[in-house]
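The residues making up each chain are set out below.
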Amino acid sequence: MRTLAITQNITLDGCVEMLGDWFDPGASGDAGSSDVLAHVHRADQRADALLVGRRTFEDFRGYWPQQHDDTTGITAYLDQVAKYVVSSTLADPAWARSTVLTGDPVQEVRALKEADGQDVVVTGSITLCHALITAGLVDEYRLYGFPVVQGRGRRLFPDGYELPVLRLLEATSFRGGVTYAGYAVVR
């Protein structure tokens, strides 16, 4: 069975909703964050599927394919990875290697996990993440912590949700103050 991993950029106060300018995807190639980008690319090598909700998909589709001078390698990765978008309203994804999942999200993702392949990574897509978390489908949390307190915004875990034990897989700090913590769900 494939690993379903939520990969998120997160503030010190637990927000994944980007309301300020604390994360700039285009700046990932800057010298100060090149170590973070190298870490992201190592994780990308373990994944052959990107899973997102419609709004995140439309944000990605509206930005990354237009980055012709992208030095981060993110555009190249997104061009080749299989993209799955959960949506009841999107008919044509209009982006190569994209598939729209129109059925029950939990059932669709369960089937995706059972298919052959490498890791399935979810990023952004807070509503989808909440559904997958509460359904118990998430195997790993891969969190890039930014040294920012946003003070407001949606959080990774739904209110009232508890995970009594997570196993630390990796913890790393980077030059610019960003940290990474990878956790496995203990079942």
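Above this text you will find the structure in question.
Residues numbered from 1 in each chain as written. Predicted model: local features only at pLDDT ≥ 70, side-chain atom pairs only at ≥ 80, totals over all residues. Heavy atoms only, no water.

Draft legend 1. Representation of the nonpolar core in the model. Counting residues in each nonpolar core, the largest one holds 26 residues, and the members touching the most others are Leu4, Ile6, Leu51, Val122, Leu132, Tyr141 and Leu156. Secondary structure elements with two or more residues in this core: strand E1 (4–11), strand E2 (47–53), strand E3 (82–86), helix H4 (105–114), strand E5 (119–122), helix H5 (126–134) and strand E6 (140–146). Among the elements that line this core, the one with the most residues is H5, at five residues. Among residues more than four places away in sequence, those in contact with Leu132 are Leu4, Leu51, Val109, Val122, Leu137 and Val138. Ranked by size, the runner-up nonpolar core spans 15 residues in total, among them Ala47, Leu50, Val52 and Val81. (Core = buried A, V, L, I, M, F, W, Y, C linked by side-chain atoms within 4.5 Å. Buried < 20%, exposed > 50% of the residue type's maximum accessible area, 1.4 Å probe, protein only. Helix = DSSP H or I, 4+ residues; strand = E, 2+ residues; numbered from the N terminus. Contact = heavy atoms within 4.5 Å.)

Draft legend 2. Region of the structure containing the side chain of His130. Relative to the assigned elements, His130 resides in helix H5. Of the residues examined, His130 reaches a relative accessible area of 18% and is grouped as buried. Here Leu156 takes part through its backbone oxygen, which lies 3.2 Å from a polar atom of the side chain of His130. Excluding residues that lie within four positions of it along the chain, His130 makes contacts with Arg154, Arg155, Leu156, Phe157 and Pro158. (Polar contact = N/O pair within 3.5 Å; in protein donor to acceptor, adjacent residues only side chain to side chain.)

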